[in-house]
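Architecture at a glance
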Amino acid sequence: MHADHAEFAEGGFWPRGLGVALRGGPAARPRPARAPRPAVRSAPGGPRRPRGGQGGLRGLHARARRAWDRPLTAYYLVLGGSLLITVLGLVMVYSASQIKALQNGLAPSYFFRKQLLAAAIGTALLLAAARTPVRLLRALAYPLLAVSVILLCMVQVPGIGETINGNTNWISLGGPFQLQPSEFAKLALVLWGADLLARKQSKKLLTQWKHLLVPLVPVTFLLLGLIMLGGDMGTTVVLTTVLLGLLWVAGAPTRLFSGVFGVTAVLAVLFIKTSANRMSRLQCIGATDPGAHDQCWQAVHGIYALANGGWFGAGLGASVEKWGELPEPHTDFIFAITGEELGLAGTLSVLALFAALGYAGIRVAGRTEDPFVRYAAGGVTTWITAQAVVNIGAVLGLLPIAGVPLPLFSYGGSALLPTMFAIGLLIAFARDEPGARAALAMRQPGVRWKTMRRRVKKRPSGER
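An account of the accompanying structure is given in this report.

The rules behind these values
- Residues numbered from 1 in each chain as written.
- Predicted model: local features only at pLDDT ≥ 70, side-chain atom pairs only at ≥ 80, totals over all residues.
- Heavy atoms only, no water.
- Helix = DSSP H or I, 4+ residues; strand = E, 2+ residues; numbered from the N terminus.
- Contact = heavy atoms within 4.5 Å.
- Areas by Shrake-Rupley, 256 points an atom, 1.4 Å probe, with all protein chains shown as cover.
- Disulfide = S-S within 2.5 Å.
- 1 Å grid on protein atoms, 1.4 Å probe; cavity = no way out; pocket = protein on both sides within 12 Å on 5 of 7 lines; lining within 4 Å.
- Points joined across faces, edges and corners; volume = space filled by probe spheres on them.
- Nonpolar A, V, L, I, M, F, W, Y, C, P; charged D, E, K, R; others polar.
- Phe/Tyr/Trp six-rings, centres within 6.5 Å; stacked < 30°, edge-to-face > 60°.
- Buried < 20%, exposed > 50% of the residue type's maximum accessible area, 1.4 Å probe, protein only.
- Lys NZ or Arg CZ within 6 Å of the ring centre and 35° of its normal.
- Patch = residues over 30% accessible without salt bridge, like charges linked within 9 Å, V, L, I, M, F, W, Y side chains within 5 Å.
- Salt bridge = Lys/Arg side-chain N within 4 Å of Asp/Glu carboxyl O.
- Lys, Arg positive; Asp, Glu negative; His and termini not counted.
- Charge placed at Lys NZ, Arg CZ, Asp CG, Glu CD.
- Pairing = 2+ DSSP bridges.

1. Things to note about the overall build of the protein chain
Scanning the protein chain from terminus to terminus reveals 18 helices and three strands. Partitioning the intrachain contacts of the protein chain with sequence separation of at least 6 by distance along the chain shows that 68% fall at a separation of at least 24. Within the structure as shown, the protein chain displays about 25,500 Å² of accessible surface, and the carbon and sulfur contribution to it stands at 64%.

Next comes the structure, spelled out in structure tokens:
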């Protein structure tokens, strides 16, 4: 009994001799006492660091890698990143649009209320997209493309199309509401292109270059031509990147990919050369002076707004440039107002959120086994990241001003609604990643309670 009591004192719940006696076996020999460990001496300045100074960095890298590889990482990045961008965008739209509304004789919250209504409708579309089966999405691809083409043609009909800031890309819906069909054409091209490439892959036709190009490239050029009739060069750039993204995900050969890129580049140069307005925008890249005729006024004052913000900004609502100096402060140049009011910290936070969203989309496209999901996720990721790069690059003076909004952030319901639907698609695709659905099921309250009850039943009768 002395040995049993010794083992009990060492931490065992049941004495070894008693446990063996209950089973009817011979008494076990007592374990030899362990030698005490030598005390670890601390250095005079504090505890010693582990040998091989890279141990901490390697452990941190391993933990970060395990976190990135978890099944729900992409799901939470898409859901959390898009939610934060949208909420921060609503705050900045309210701050940046108050002076513009007062100048037009409207209530200070006029643009904010319209954006909030669009965000509410977009949330419903996001939830609907996240719950829509893939089969139904593929069935909607062709009708959505046909409706987009019809609406783009209606824009050019006199009396129906509306011209804003020199571009005829709007359809008036009555009152203060307008519809920009080119924004919905982006979503239509992603879904239709993904369905087309997925069907061709199932028939093993993508190894032939003609099946990669036809009819994907001609239909895309049709959309580009209809949009360019209204003068919207920015949306054509985004649609072109979506086309290139689909070809890249489909595994187009480098020669074929380079050929399509070369043709689009030549067409872009042709369109720029034939328009004085586009040439002036190209000349304003990196400008630090508005110019003789103030042709670079918007680009220069965007840089002024960023410079005034400093590290942490002048404070929310304290922008100076939005008082009539910077055109379009709540739409195309809302990123500049964000930099002025929230500083470098605020702009880097926005960039980090878009980077996380882009990473999650790439991960979803790379891990899925469904061809349609792969192409759709790649197309949506290309669309959102390319549009963000074009908008932010123009504000920073690195790219010409293209007139495209910052996704989920800038004011504009026509841009927000299809983008939130696309985010819903990414959420649905991320939830279907290998292991993600099982992990989400385990997080349900009922499943967790049942799991805990099963564990309780398996406990020994003497355990407290």
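2. Let's talk about the state of the cysteines
Under the counting rule described, the total for this entry stands at one disulfide. In this model C284 forms its disulfide with C296; the gap between the sulfur atoms is 2.1 Å. Linking C284 and C296, the disulfide has an S-S dihedral of approximately -85° and is accordingly described as left-handed. With a gap of 12 residues between them, C284 in the loop between α12 (276-283) and α13 (297-309) and C296 in the loop between α12 and α13 connect regions that are remote in the sequence.

3. Remarks on the layout of surface pockets
Put simply, the second largest pocket is a space of about 780 Å³. Considering the residues around the second largest pocket, the lining is formed by 29 residues, among which M233, T236, V237, A268 and I272 are closest to the centre. Of all the elements in the fold, those that place two or more residues in the lining of the second largest pocket are α9 (216-229), α10 (233-249), α11 (254-273) and α12. Looking at the lining of the second largest pocket residue by residue, the classes come out as 20 nonpolar, six polar and three charged.

4. A word on the packing of aromatic side chains
Two descriptors summarise a pair of aromatic rings, namely the distance from one centre to the other and the angle between the planes of the rings. Applying the stated criterion across every chain yields a total of six aromatic pairs. Ring centres 5.4 Å apart and planes at 65° place the aromatic pair Y75 and Y76 in the edge-to-face group. Residue Y75 is classed as buried on the basis of its relative accessible area of 13%. Its relative accessible area of 40% is what places Y76 among the partly exposed residues. Taken together, a centroid distance of 5.1 Å and an interplanar angle of 65° make the contact between Y94 and F112 edge-to-face. With Y94 in helix α4 (residues 73-103) and F112 in helix α5 (residues 110-131), the pair connects residues that are 18 residues apart, well separated along the chain. Overall, the relative accessible area of 36% leaves Y94 in the partly exposed class. According to the relative accessible area criterion, F112 is partly exposed, its value standing at 22%. Through a chain of ring-to-ring contacts, three or more aromatic side chains come together here, namely Y110, F111 and Y411. Above the plane of the ring of F177 lies K114, whose end atom (NZ or CZ) is 5.4 Å from the centre.

5. Some thoughts on unusual backbone geometry
Backbone torsion omega between V214 and P215 reads 0°, so that peptide bond is classified as cis. For P215, the position within the fold is in the loop between α8 (209-213) and α9. With phi around 50°, E328 is a residue other than glycine that occupies positive phi space. Counting through the fold element by element, E328 comes out in the loop between α13 and α14 (334-367). One non-glycine residue, L408, adopts positive backbone phi at about 65°.

6. Quick notes on a positive patch on the surface
A contiguous patch of positive charge on the surface is contributed by R63, R66, R70 and R443. One can find R443 in the loop between α17 (436-442) and α18 (445-457).

7. Section: the pairing of strand β1 (residues 161-164)
Two elements, β1 and strand β2 (residues 167-172), share four bridges in a ladder whose sense is antiparallel. In the sheet register, G161 faces β2, and the bridge partner there is I171. What sits between β1 and β2 in their antiparallel hairpin is a turn of two residues, with N165 showing a positive phi close to 55°.

8. What about the pairing of β2?
Pairing between β2 and strand β3 (residues 178-179): two bridges, direction antiparallel. Bridge assignment links S172 to a residue of β3, and that residue is Q178. Between β2 and β3, which pair antiparallel one after the other, the connecting turn spans five residues, and G174 there sits at a positive phi close to 100°.

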